[in-house]
Amino acid sequence: MKMNRIAALLPLLLAGAVSAAQNPFYTITEVATPADRGDANFGPWALSISGDGSTVATLAVTSNWYSYFRMVPTGMDLAHRFRYESGCDGILSSATCDAYLDNSNTASQWFADLNSNADQTYNVIASGVSSGTITTDTIAESDGIVTRYGRDASEVTSVGYVSLSEHRRKAVATVSDTSVDVTNGTDYAFASAYDIIPVGTNYLVLGSAGNIKSTAYNYCYSNASIESYSQYCPGYETQAAFWLVNSAGVTATQRVASYNTTESTEFPYTASAMKVANVDGSYIAVGYSATEGYSSKPKNLATFWNLGVLSSTGTLPSGLTSTAIFTDSDDNPGTDDDDKIDNSWAVDINEDGYIVGNRVYRNRVNRNYPTQMFVAKYGSTSQTITSISIPVSTDGVNSEAAALNNSNQVVGWTDERSVTTQPVYGSVPRLQEAFLYNITSGSRYAINDLICGLDDAGAKTCTQNGKYYYIEYANDILDDGTILASARRYDSYDDWSALSNGTNVVIKLAANYSFSNGAVPSGYVVDNQLPVFDYGASSGSSGGGSFGFFGLIAMAGAALAGQYRRFVKKES
């Protein structure tokens, strides 16, 4: 009888023993730190991880211009005009804009250095990431920036650009351990490459290419008022571009006309292909093309291109068409005063035909001009977009997709959970928090909730490598769920809870457990939200509430140093 009772209790006892101690779902490995950034003053931030997980590209800069233009740090690429053309004034408070503009190594310095053609952007390349024996190399933009590694796990390929004299830029690629000039600075004066995929014995490279637009060029590089003249950058009119390359050079080139550039304007029309995938035998690329916007200002439009069945013959199809992902004109940038979208762009596509991208609102929504991610589905039979969804649909909340894998998992960032109603208009930017989203199930996770384990007593433990981490931006994801992210590392709980005295680090997150159809099993989601209380930022009509004007300025200054200081309650 006693043996029967023991036998009945044994599964419960074993279950309790198993559940008491638990590793975090993701293990953190640091791959780059500020000690690696050389002459840069800010960063590093995550860019891309190679398909085999061995090599990582990160970004560092001499001057912080992302805060002034309200963009993600890795958005600091002059080719992507939609990131900076709207400026700061009239959106954030004037005091915040001034803090982001005129302090040491901020936007004004960036614009002056841009005029002088000085190196401002650096890669920190980390090698040996999969083996754990990591070495880093810091490379200036005049020697070449890696923007993206190829997804192919059988070899490491990459694409990017090299900054040249007279504000020119050439697109480059690395294939078969050989560096290839995709453009040379004279065929196209300004070009960048953003993805690469093998096609037979060649590689399809895609990106942006164009030539000077005189008035815009002169204004962009005038070293005059950034408020008035940065919107004329990059000074070149570009189109989405496709190249077939191999280790011997370029075998074919094709540029594609944008969606709508009929309006005459002194501003440059810009476009770029960003990612490509083989969907049921056809190569489908996504990115953005140019279109006419309000007040005769060019805007960008989320776009796809069907390149069809490519062979290894070294040719590209002619007559490619730029097709809008959103078919309803109300969902796209337009010329009417009541058009709600300012810019849109697609960032990734996978082999199932899922597309992820983002749209920025031109109209104010709940005291913010939000960026909102979208998920679209390309149907290979109809060769059209068959569905579109908005995973984060709460009015005024920011969400931005960065990358997508072939397991239908998306990474990016959204407003930190306690600041989703904090006013941005007339105030300061919101703190961001990295997410993992499963398209198949619709489940979305704060990645900060996936880095805590349980100790032997079943209590939460969130330190890794003896440190606390706040994961702000998730920038890339491999098919096995490995994530590359930008985080802040803290020495103590108190520093972490206040986001004080942090250090920017780039981290790799490797899963310790299996996904369930792309979803994280619920038992491994451990709440790790910052312990904040409402400081009154959502009250009042002009922004700031009881936090007040000087609190906003303190937050602006803290952001320049890579940290947002926030009022918190201590752990009890």
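Quick caveat: nothing in here was measured; it's all calculated off a predicted structure.

Here is what the cut-offs are and how they apply
- Residue numbers restart at each chain and count upward from 1, following the sequence in its written direction.
- Two thresholds apply to this predicted model, a pLDDT of at least 70 for residue-level local features and 80 or more for giving and counting side-chain atom pairs, whereas whole-chain, interface and lining totals are computed over all residues.
- Hydrogens and waters are ignored; side-chain quantities use all the structure's heavy atoms.
- A pair is scored as a salt bridge if a Lys or Arg side-chain nitrogen falls within 4 Å of a carboxyl oxygen belonging to Asp or Glu.
- Every helix listed is a DSSP run of H or I at least four residues long, and every strand listed is a run of E at least two residues long, numbered separately from the N terminus.
- Any residue under 20% of the maximum accessible area for its type is buried, any over 50% is exposed, and the rest in between are partly exposed; the area is computed with a 1.4 Å probe on protein chains only.
- Cysteine sulfur pairs qualify as disulfides if the two atoms are within 2.5 Å.
- The pairing criterion is simple: DSSP has to find at least two bridges between the two strands.
- Within a predicted model, pLDDT stands for the predictor's per-residue confidence, ranging from 0 to 100.
- Throughout, a residue-residue contact means that at least one pair of heavy atoms, one from each residue, lies within 4.5 Å.
- Orientation is described by lines fitted to C-alpha atoms, with helices fitted over the stretch in contact, and by angles between N-to-C directions that extend from 0 to 180 degrees.
- Working definition: rings of Phe, Tyr and Trp (its six-membered ring) pair if their centres are within 6.5 Å, and the pair is stacked with planes under 30 degrees apart, edge-to-face with planes over 60 apart, and tilted otherwise.
- Consider the ring centre and the ring normal. A charge sits over the ring if Lys NZ or Arg CZ is within 6 Å of that centre and within 35 degrees of that normal.
- Working definition of a nonpolar core: buried Ala, Val, Leu, Ile, Met, Phe, Trp, Tyr and Cys residues. They are joined through side-chain atoms within 4.5 Å.
- A 3.5 Å cut-off defines polar contacts: any pair of N or O atoms within that distance qualifies, except that in protein one atom must be a possible hydrogen donor and the other a possible acceptor, and neighbouring residues in sequence count only when both atoms are side-chain atoms.

Enquirer: So what about the pattern of salt bridges? Which residues, and what values?
Expert: Enumeration according to the criterion identifies 18 salt bridges in this entry. A salt bridge links Asp348 to Arg151; its shortest N-O distance comes to 2.3 Å. In this pair, Asp348 sits in strand β18 (residues 341-349) while Arg151 sits in the loop between β6 (145-149) and β7 (158-163), placing the two residues 197 residues apart along the sequence. Look at Asp348 and you get buried, because its relative accessible area is 1%. Notably, a salt bridge pairs Arg417 with Asp449, separated by 2.9 Å at the nearest N-O pair. Taken together, the residues Arg417 in the loop between β23 (409-415) and β24 (432-438) and Asp449 in the loop between β25 (444-446) and β26 (453-454) connect sequence positions 32 residues apart.

Enquirer: Help me get a handle on the state of the cysteines, residues and values and all.
Expert: One pass over the full model with this rule turns up three disulfides. The residue that forms a disulfide with Cys452 is Cys462, at a sulfur-sulfur distance of 2.0 Å. Between Cys452 and Cys462 the disulfide shows an S-S torsion of about 110°. By sign, it is right-handed. Of this pair, Cys452 sits in the loop between β25 and β26 while Cys462 sits in the loop between β27 (460-461) and β28 (468-477), and the two are ten residues apart along the sequence. What makes Cys462 buried here is its relative accessible area of 13%.

Enquirer: Tell me about the pairing of strand β16 (residues 298-308), residues and numbers included.
Expert: Successive residues of a regular strand alternate their side chains across the two faces of the sheet. Burial analysis of β16 places ten of its eleven residues in the buried class, the great majority of the element. Pairing analysis gives ten bridges linking strand β15 (residues 282-292) to β16, with the strands arranged antiparallel. Along β16, the bridge assignment pairs Tyr283 with Gly308. Taking the residues that link successive antiparallel strands as the turn, the β15-β16 hairpin has five residues, and the phi of Ser295 there is positive, at about 55°. Examined bridge by bridge, β16 and strand β17 (residues 323-324) share two bridges and lie antiparallel to one another. Opposite Thr303, over in β17, you have Ala324 as the bridge partner.

Enquirer: Any chance you could break down the pairing of strand β3 (residues 56-61) for me, citing the residues and the numbers?
Expert: Among the six residues in β3, six count as buried, and that is most of the element. Across the two faces of β3 the burial is the same, with Val56, Thr58 and Ala60 and Ala57, Leu59 and Val61 all buried. Looking at chain direction, strand β2 (residues 42-49) and β3 are connected through five bridges and run antiparallel. Bridging across to β3, Ser48 finds its partner in Ala57. Note: β3 against strand β4 (residues 121-127), six bridges, orientation antiparallel. Looking at β4, one finds that Thr58 is bridged to Val124.

Enquirer: Please set out the confidence of the model for the protein residue by residue, giving values where relevant.
Expert: Model confidence for the protein is summarised by a mean pLDDT of 90, while 89% of its residues fall at 70 or above. Note on residues 5-18: pLDDT under 50 across the span, and zero contacts to partners over four residues away in sequence or across chains.

Enquirer: How would you summarise the sheet that holds strand β1 (residues 26-32) if you had to cite specific residues and measurements?
Expert: One open sheet holds the four strands; their spatial order is β1-β30-β29-β28, and the pairing between them is antiparallel. The open sheet has two free edges, formed respectively by β1 and β28, since each of these has just one partner strand. In this sheet, neighbouring strand axes are inclined to one another by 35° on average, regardless of whether the strands run parallel or antiparallel. Taken together, the seven bridges between strand β29 (residues 483-490) and strand β30 (residues 503-511) define a ladder with antiparallel strand orientation.

Enquirer: Could you give an account of unusual backbone geometry, with specific residues and numbers?
Expert: The residue after Gly43, namely Pro44, is reached through a cis peptide bond having omega 5°. Checked against the element boundaries, Pro44 lands in strand β2. With an omega of 10°, the peptide bond running from Cys233 to Pro234 counts as cis. Mapped onto the fold, Pro234 is located in the loop between α5 (226-229) and β12 (236-246). At Asp177, a residue that is not glycine, the phi angle is positive and equals roughly 60°. Here Asp177 shows up in the loop between β8 (169-175) and β9 (178-181).

Enquirer: Residues and numbers for the sheet that holds β2, please.
Expert: Strand-to-strand pairing in sheets goes through backbone hydrogen bonds, with the strands running parallel or antiparallel. The antiparallel open sheet is built from four strands, whose spatial order is β2-β3-β4-β5. The open sheet has two edge strands with one neighbour each: β2 and β5 (135-140). The average angle at which neighbouring strand axes cross in this sheet is 25°, direction not considered.

Enquirer: Describe the packing of aromatic side chains, with residues and values.
Expert: Inspection of the entire model under this criterion finds 31 aromatic pairs. Put simply, the rings of Trp65, Tyr68, Phe69, Tyr84, Trp110 and Phe111 pair up and form one aromatic cluster. Here Arg169 stacks its cationic end above the ring of Tyr161, 3.6 Å away from the centre of that ring. One Lys or Arg, Lys377, reaches over the ring of Tyr354 and ends 5.3 Å from the middle of that ring.

Enquirer: Provide a residue-level description of the nonpolar core, including the pertinent values.
Expert: Grouped together as the largest cluster of nonpolar side chains are 48 residues, with contacts concentrated most on Trp65, Tyr68, Phe69, Trp110, Leu114, Ile226 and Val410. Ranked by residue count, the leading element in this core is helix α3 (residues 107-115), at four residues. Apart from residues lying up to four places away in sequence, Trp65 is in contact with Met71, Met76, Asp77, Leu78, Tyr84, Ala107 and Trp110. Within the second largest apolar cluster, 26 residues are counted, among which are Ala403, Ile451, Ala487 and Val505.

Enquirer: A description of the environment of Glu155 should follow, citing residues and the corresponding values.
Expert: Residue position: Glu155 is located in the loop between β6 and β7. Under the relative-accessibility criterion, Glu155 is labelled partly exposed at 23%. Placed 22 residues apart in sequence, Glu155 and Asp177 show a C-alpha to C-alpha distance of 9.1 Å. Those residues in contact with Glu155, other than ones at most four positions away along the chain, are Ser176 and Tyr203. At 2.5 Å, the side chain of Glu155 forms a polar contact with the side chain of Tyr203.

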